Amino acid sequence: MNVPLLDLTRQYSSIEPQIKAVVEEVMKSQYFIMGPRVVDLEKKIAEYCGAKYACGCASGTDAILLSLMALGVGPGDEVVTTPFTFFATAGCISRLCAKPVFVDIDPSTYNINPDLIERAITSRTKAIIPVHLFGQCADMDPINAVAQKHGIPVIEDAAQAIGAKYKGKRAGTLGTIAAFSFFPSKNLGAFGDGGIITTDDQKLYDLVSILRVHGSKPKYFHKYIGINSRLDALQAAILLVKLPHLDKWNEGRRANAASYNKLLSGMSVGLPTEQGGLYHIYNQYTVRVPRRDECREYLKSKGVGTEIYYPVPLHLQECYASLGYGRGALPAAEKAADEVMSLPIFPELTAAERQHVATALAEFMAK
Ligand SMILES: *Cc1c(COP(=O)(O)O)cnc(C)c1O
């Protein structure tokens, strides 16, 4: 049996006629960039999250970049974030000639450790970017408390967390401004790149809306220097078909996670934990295993797809050598990078496939 890490074709076949119909409509209209479908999607995503405003853009990366730009982050500034995330989180900070300041993670959630944030804050700190990694919200109450104490805005990197909740509130409403990604492997995936920003702050919303179109308002009058980061009408049309299914798909992932938790409970495998009051949407189901690389090879030989998110914490990336962190600087993130492995968790996974994954893991553990 082959169990891929992610099989998007199953989801597609469940909505193929509806997708084809809207793609056809967009093609007939020949209206490709922004337009009414993007406006409709922005309204529906804002409603879904419970945010006042949403602003579509070209990717999750750009959603982070535009948020930082709107907050005025620039040369000489520092932004506090986690080293255990996809590169984009920190890359956007560096692109604006600001400096990422990495704070170690809580090993039980893989999210930034709120207790370590305050000592990383200096007079140059312009923002904090917690990441809701794997689909579980960072511990936002203590993060917001430190941020408020120092008057620093909080950008949620919610790329992996659309639909996740923290104490009843959805990701995208937990900080000053939030960035989502519609990369195909995210829980709400487009047919290509796409992203969206949510916020309750009208000034920030106006700014990101202007910055995504080269800083112009009205057209050809440039008050700011922005970028080209627009959402395609095609992507918006596809996402509008998918959005009504999102909660059901997230529930499917949660059910798969619950099933794995049972199947793997007797093994010496570190299972993901769901913190009290949180609603984890399992963009990834990430375990810790001994002899991780050997384990992956064994699973591969049994047809089970896995991936390592992430093998190198950002403070140890070659491009960040000049920041001067060495091995040992952020031990919890380094340990996680050495031990984690993500298993197939997509909603359409069958019971037989979950069992096959569990059996293969059990065989490896017994070796
Ligand atoms: C996917 C992802 C991004 C970037 O999103 P893109 O749409 O691929 O640009 C940023 N941060 C995290 C944590 C992600 O998982």
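Residues numbered from 1 in each chain as written. Predicted model: local features only at pLDDT ≥ 70, side-chain atom pairs only at ≥ 80, totals over all residues. Heavy atoms only, no water.

J.: Just checking my understanding: could you explain the overall build of the protein chain for this structure?
T.: Of the regular secondary structure elements, the protein chain holds eleven helices and twelve strands. Computed over its C-alpha atoms, the radius of gyration of the protein chain comes to 21 Å, within 12% of the 21 Å expected for a compact globule of 367 residues. Overall, the C-alpha framework of the protein chain stretches about 65 × 55 × 35 Å when taken along its three principal axes. With 367 residues in all, the protein chain has 56% of them scored as buried. Of all intrachain contacts in the protein chain linking residues separated by at least 6 positions in sequence, the fraction that spans at least 24 positions is 71%. In the form shown here, the protein chain has an accessible surface area of approximately 15,300 Å², with 55% of it arising from carbon and sulfur atoms. (Helix = DSSP H or I, 4+ residues; strand = E, 2+ residues; numbered from the N terminus. Rg over C-alpha atoms; globule rule 2.2 N^0.38 Å. Buried < 20%, exposed > 50% of the residue type's maximum accessible area, 1.4 Å probe, protein only. Contact = heavy atoms within 4.5 Å. Areas by Shrake-Rupley, 256 points an atom, 1.4 Å probe, with all protein chains shown as cover.)

J.: It is not clear to me how the pattern of salt bridges should be interpreted in this structure. Could you clarify?
T.: Should the charged atoms of two oppositely charged side chains come close, the side chains can pair. Taken as a whole, this structure holds 23 salt bridges when the rule is applied. K44 serves as the salt-bridge partner of D40, at 3.0 Å between the closest nitrogen and oxygen. Taken together, the residues D40 and K44, both in helix α2 (residues 36-49) and four residues apart, mark about one turn of the helix. Residue D40 is classed as partly exposed on the basis of its relative accessible area of 27%. We classify K44 as partly exposed; its relative accessible area is 35%. Note that K126 is salt-bridged to D77, the shortest N-O span being 3.2 Å. Highlighted residues: K126 in strand β4 (residues 125-129) and D77 in the loop between α3 (60-70) and β2 (78-81), separated in sequence by 49 residues. The class for D77 is buried, based on a relative accessible area of 10%. Overlapping salt bridges, with partners in common, bring together D7, R10 and E353 in one network. (Salt bridge = Lys/Arg side-chain N within 4 Å of Asp/Glu carboxyl O.)

J.: Help me understand the sheet that holds strand β6 (residues 165-166) in this model?
T.: Two modes of strand pairing occur in sheets, parallel and antiparallel, and in both the strands are linked by backbone hydrogen bonds. Pairing in this open sheet of three strands is antiparallel, and the strands run β7-β6-β10 from one edge to the other. The outermost strands of the open sheet, each flanked by one partner alone, are β7 (169-170) and β10 (278-279). Here β6 pairs with β10 via two bridges, running antiparallel. Among the inter-strand pairings, Y166 is bridged to a residue of β10, identified as L278. (Pairing = 2+ DSSP bridges.)

J.: Teacher, can you tell me more about the domain arrangement of the protein chain here?
T.: How big an interface is tends to be reported as the loss of accessible area on association of its parts. We note that the domain assignment places domain 1 (8-103 + 110-244) and domain 2 (246-366) within the protein chain. The distance between the C-alpha centroids of domain 1 and domain 2 comes to 24 Å. Listed per partner, the contact involves 41 residues of domain 1 and 37 residues of domain 2. Here domain 1 is connected to domain 2 by two salt bridges. (Domains from an automatic or database assignment.)

J.: What should I look at first to understand the packing of aromatic side chains in this one?
T.: The relative placement of two aromatic rings is captured by the distance of their centres and the angle of their planes. Going through the model one piece at a time under the given rule, you end up with 14 aromatic pairs. Summarising the aromatic geometry, the rings of F86 and Y310 are spaced 6.5 Å apart at their centres and angled 40° between planes, so their arrangement reads as tilted. Residue F86 is located in the loop between β2 and α4 (88-95), and its partner Y310 is located in the loop between α9 (292-301) and α10 (331-339); the two are separated by 224 residues in the primary sequence. Residue classification places F86 among the partly exposed residues on the basis of a relative accessible area of 47%. (Phe/Tyr/Trp six-rings, centres within 6.5 Å; stacked < 30°, edge-to-face > 60°.)

J.: Can you help me understand the environment of I155 in this one?
T.: Position of I155 relative to the elements: it lies in strand β5 (residues 155-157). Assessed through its relative accessible area of 0%, I155 is described here as buried. Put simply, I155 and A127 are 28 residues apart on the chain and 7.1 Å apart in space, counted from C-alpha to C-alpha. If near-sequence neighbours (up to four positions away) are discounted, I155 is found in contact with S67, L68, L71, A127, I128, I129, P130 and I177.

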